[in-house]
Amino acid sequence: MLLEALEGEVTEVYRPAAASVQVQVEPVGRWFEAYIRRRNRNASASFQELEDEESSSEEEEDEELQLEEHPMLRTLDPKDWKNQDHYAVLGLPHLRYRATQKQIKAAHKAIVLKHHPDKRKAAGEQIGEGDNDYFTCITKAIEILSDPVKRRAFDSVDPIFDNTVPSKAEGKENFFVVFAPVFERNARWSSKKHVPKLGTMESNFEEVDNFYSFWYNFDSWREFSYLDEEEKEKAECRDERRWIEKQNRASRAQRKKEEMNRIRTLVDMAYSCDPRIKKFKEEEKARKESEKKAKAEAKKKEQEEKERARQAELESARLAKEKEEEEAKQAAQQAKKEKEIQKKAIKKERQKLRTTCKNWNYFADNEADGVKMMEDVEKLCDRLELTSLQSLNDVLSSASKEESRAVVQKQIQEVNTQLQKEREAEIQARQAARSAEQASGGGGGGGKNWNEDDLQLLIKAVNLFPAGTNARWEVIANYMNLHSCSGVKRTAKDVINKAKNLQRLDPVQKDEINRKAFEKFKKEHTSVPPSIDNAAPSERFDASGSDGNVAPWTTEEQKLLEQALKTYPVNTPERWEKIAVAVPERSKKDCMKRYKDLVEMVKAKKAAQEQVAAKSKK
């Protein structure tokens, strides 16, 4: 707070104050600790008062400390000090690991005053020599319990600690009564503070889940160095000390593993017996069932909505269709009425024209001219529309005979001219269609004639190179150019046009082409030169098989031949005789000739494809 200016003094502002800055400060120190204690206790007291209060409470504990002397203390074997209960030796069996250092020191002080060898010697009691006196057990007890590390090692193997795990039958009978003390007893081994409690039947899911998560990830400080069978201080050399350490580490690890298995078994047993888990599972199952049921109901409702919408849409579509059909029906009826009216009007006008012309004797002087004029009048009745007929009748009704004749003849001439134009247009359309048909399919191959050999070669190439072949039509055209005897070079476009033309042929023409192809094949395979008829059978072929079977190879025979070629390789003795036996109705000569034809066909196919590939690369 600023002071007020005195009389004669003036207050001046040198510069404005800087803006406030928020800084995060971490509170530490003894005064902050005292504040936390006061806040937790809901009390307002100074740090010194708290310290005095704590020291006074410890003094009260010392005053209230009650020792329970070991009944067998005087009979303890000092050499077996490692198996003794150090808390019982100092008179603290009721406090054990909860005893403070101050209580341990006070207990030690009290028991030393009572059992010190000098005091007992002065009382006339016999004292053991050296370390053989039971007072050595008291010394070992204070040595172990006053050292935090050694005390922790002894606490880990507390001889009165119950390591048992309740059975499943015990846990199911009274879960909380059986397992709550067990978890409280084992909570002392936790490295973390604030170990969660087992809880009650009213605990919520988060509390139960937190409890089991903590125990399934339990971090135990319990270690078993106190049970080491060998002491490395007794080793005579470094190697022996290392060996002892190795043995001790192995035994500690084994015991630690057994301890963690025990904890895990305890948690698993509790989890399997916990009625809350069963309740949560049932609730979760009920929740899922309700969600599934709600989902099914929502889906059913959605389907019903869709079905209602679809039915409504169908109904609206039906009504719209009915309305449209009704409108179309009415329009058709109206059109029909109008057409009937127009038809009657046309009929009336035609009859009027005929009557007028008849009254004028069809503007003819003889019967022949009258017949011709009658035909022309009928032509007018057929060709002229209603408006034209009405106009013509209006003119004829007010005109003379000669004028009427001139008007009718003029109208007849116009109709004849129109008919002539229509005929010429129709003739031109027919000629154009015929020319187009001849250009697309009649001549074929871009004006290049196709003979029967070329057609058969085309059919063979189309079957040889099926759909899916790379650059199929170029390969077919190249194959025909290599094997055609006409000398006409075909392009891929010519081949495609001709193939399409053949596909458009009727079945009779296709059968005719196939018949001619078979006749040619039969002629080629049955025509034998005269020199061969008189020749003796060669050594390679049997005389019985020299005639051969001229019938075309079927698909089944082709499959049998291929299988026989695979079954009997080249190095098989009497290979072709065995192949001929495998293919019925075929001789050795037929099989060898078919094989030769297939080889030539494959070579020709590869040559055509290679030539097309070479052209595409260029």
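Residues numbered from 1 in each chain as written. Predicted model: local features only at pLDDT ≥ 70, side-chain atom pairs only at ≥ 80, totals over all residues. Heavy atoms only, no water.

## Here we look at the overall build of the protein chain
- Summing up its helical and strand segments, the protein chain has 23 helices and zero strands in all.
- Within the span of the protein chain, comprising 618 residues, buried residues form 27% of the whole.
- Excluding contacts between residues fewer than 6 apart, the proportion of contacts in the protein chain whose partners are at least 24 apart in sequence is 66%.
- A total accessible area of about 44300 Å² is found for the protein chain, and carbon and sulfur atoms account for 51% of it. (Helix = DSSP H or I, 4+ residues; strand = E, 2+ residues; numbered from the N terminus. Buried < 20%, exposed > 50% of the residue type's maximum accessible area, 1.4 Å probe, protein only. Contact = heavy atoms within 4.5 Å. Areas by Shrake-Rupley, 256 points an atom, 1.4 Å probe, with all protein chains shown as cover.)

## Quick look at a negative patch on the surface
- A cluster of like negative charges, contributed by Glu324, Glu325, Glu326 and Glu327, occupies part of the molecular surface.
- You can see glutamate 327 is positioned in helix 12 (residues 275–359). (Patch = residues over 30% accessible without salt bridge, like charges linked within 9 Å, V, L, I, M, F, W, Y side chains within 5 Å. Salt bridge = Lys/Arg side-chain N within 4 Å of Asp/Glu carboxyl O. Lys, Arg positive; Asp, Glu negative; His and termini not counted. Charge placed at Lys NZ, Arg CZ, Asp CG, Glu CD.)

## Section: unusual backbone geometry
- Here the phi dihedral of arginine 96 falls at roughly 50°; this positive angle occurs in a residue that is not glycine.
- Even without being a glycine, glutamate 574 presents a positive backbone phi close to 50°.

## Some details on the nonpolar core
- Leu90, Leu92, Ile104, Ile138 and Leu145 are the most contacted members of the largest nonpolar core, which totals 25 residues.
- Counting only elements with at least two residues in this core, the list comes to helix 3 (86–89), helix 4 (101–115), helix 6 (135–146) and helix 7 (148–156).
- In terms of residue count, the dominant contributor to this core is helix 6 (six residues).
- Filtering out sequence-adjacent residues up to four positions away, leucine 90 remains in contact with Leu67, Ile104, Ala107, His108, Ile111, Ile138, Ala141, Ile142 and Leu145.
- Core analysis: the next-biggest nonpolar cluster, separate from the first, contains 23 residues, Leu198, Phe211, Leu266 and Val267 among them. (Core = buried A, V, L, I, M, F, W, Y, C linked by side-chain atoms within 4.5 Å.)

## Re the side chain of arginine 96
- In this structure, arginine 96 sits in the loop between helix 3 and helix 4.
- Given the relative accessible area of 6%, arginine 96 is considered buried.

## Details of the pattern of salt bridges
- Throughout the structure, instances matching the rule amount to 28 salt bridges.
- For aspartate 158, the salt bridge is made with arginine 96, and the minimal N-O distance between the two is 2.7 Å. Separated by 62 residues along the polypeptide, aspartate 158 in the loop between helix 7 and helix 8 (168–173) and arginine 96 in the loop between helix 3 and helix 4 bring together distant segments of the chain. As far as the burial class goes, aspartate 158 and arginine 96 line up, both buried.
- Here arginine 188 ties to aspartate 158 by a salt bridge, and the two come within 3.6 Å at their closest N and O atoms. You can see arginine 188 sitting in the loop between helix 9 (175–186) and helix 10 (205–216) and its partner aspartate 158 sitting in the loop between helix 7 and helix 8, a full 30 residues away along the chain.

## Focus on the packing of aromatic side chains
- This structure, assessed with the given rule, holds 19 aromatic pairs.
- Plain terms: the ring middles of phenylalanine 214 and tryptophan 215 are 5.9 Å apart, the flat faces sit at 80° to each other, and that makes the pair edge-to-face. Across the pair, tryptophan 215 and phenylalanine 214 agree in class, each one buried.
- The ring centre of tyrosine 97 lies 3.8 Å from the NZ or CZ of arginine 188, which sits over that ring.
- Sitting over the ring of tryptophan 473, arginine 472 keeps its end group 4.9 Å from the ring centre. (Phe/Tyr/Trp six-rings, centres within 6.5 Å; stacked < 30°, edge-to-face > 60°. Lys NZ or Arg CZ within 6 Å of the ring centre and 35° of its normal.)

## Quick notes on a nonpolar patch on the surface
- Together, Val21, Val23 and Val25 give the surface a local cluster of nonpolar side chains, amounting to about 340 Å² of exposed area.
- Checked against the element boundaries, valine 23 lands in the segment before helix 1 (30–41).
- According to the relative accessible area criterion, valine 23 is exposed, its value standing at 60%.

## Here's the deal with the confidence of the model for the protein chain
- For the protein chain, the average pLDDT comes to 80, and 84% of its residues sit at 70 or higher.
- Predicted confidence is poor over residues 441–447, with pLDDT under 50, and the contacts of this stretch with residues over four places away or in other chains come to ten contacts.
- The model gives residues 527–546 a pLDDT under 50, and that stretch makes nine contacts with residues more than four places away or in other chains. (pLDDT = per-residue confidence, 0-100.)

## Some words on helix 7
- Within the span of helix 7, buried status applies to Arg151, Ala153, Phe154, Asp155 and Ser156.
- Tucked into the core, helix 7 has its buried residues touching helix 3, helix 4 and helix 6.

## Thoughts on the packing of helix 10 against helix 12
- Packing of helix 10 against helix 12 leaves a shortest axis separation of 11 Å and a crossing angle of 125°. Taken together, the axes of helix 10 and helix 12 lie oblique to each other. For the pair helix 10 and helix 12, the crossing hand works out as left-handed. Within the contact between the two elements, helix 10 uses Phe205, Val208 and Tyr212 and helix 12 uses Arg276, Ile277 and Phe280.
- Its residues assigned to classes, the contact of helix 10 with helix 12 comprises five nonpolar, no polar and one charged. (Axes fitted to C-alpha atoms, helices over the stretch in contact; angles between N-to-C directions. Parallel < 35°, antiparallel > 145°, perpendicular 65-115°, else oblique. Left-handed = near helix turned anticlockwise from the far one by under 90°. Nonpolar A, V, L, I, M, F, W, Y, C, P; charged D, E, K, R; others polar.)

## Considering the environment of asparagine 481
- When you line up the elements, asparagine 481 lands in helix 17 (residues 472–483).
- Taking relative accessible area as the criterion, asparagine 481 reaches 21% and is therefore assigned partly exposed.
- On a C-alpha basis, the gap between asparagine 481 and aspartate 454 in space is 9.8 Å, while along the polypeptide they are 27 residues apart.
- In contact with asparagine 481, other than residues within four places in its own chain, are Val488, Lys489 and Arg490.
- Polar side-chain contacts of asparagine 481 include one of 2.8 Å to the backbone nitrogen of arginine 490. (Polar contact = N/O pair within 3.5 Å; in protein donor to acceptor, adjacent residues only side chain to side chain.)

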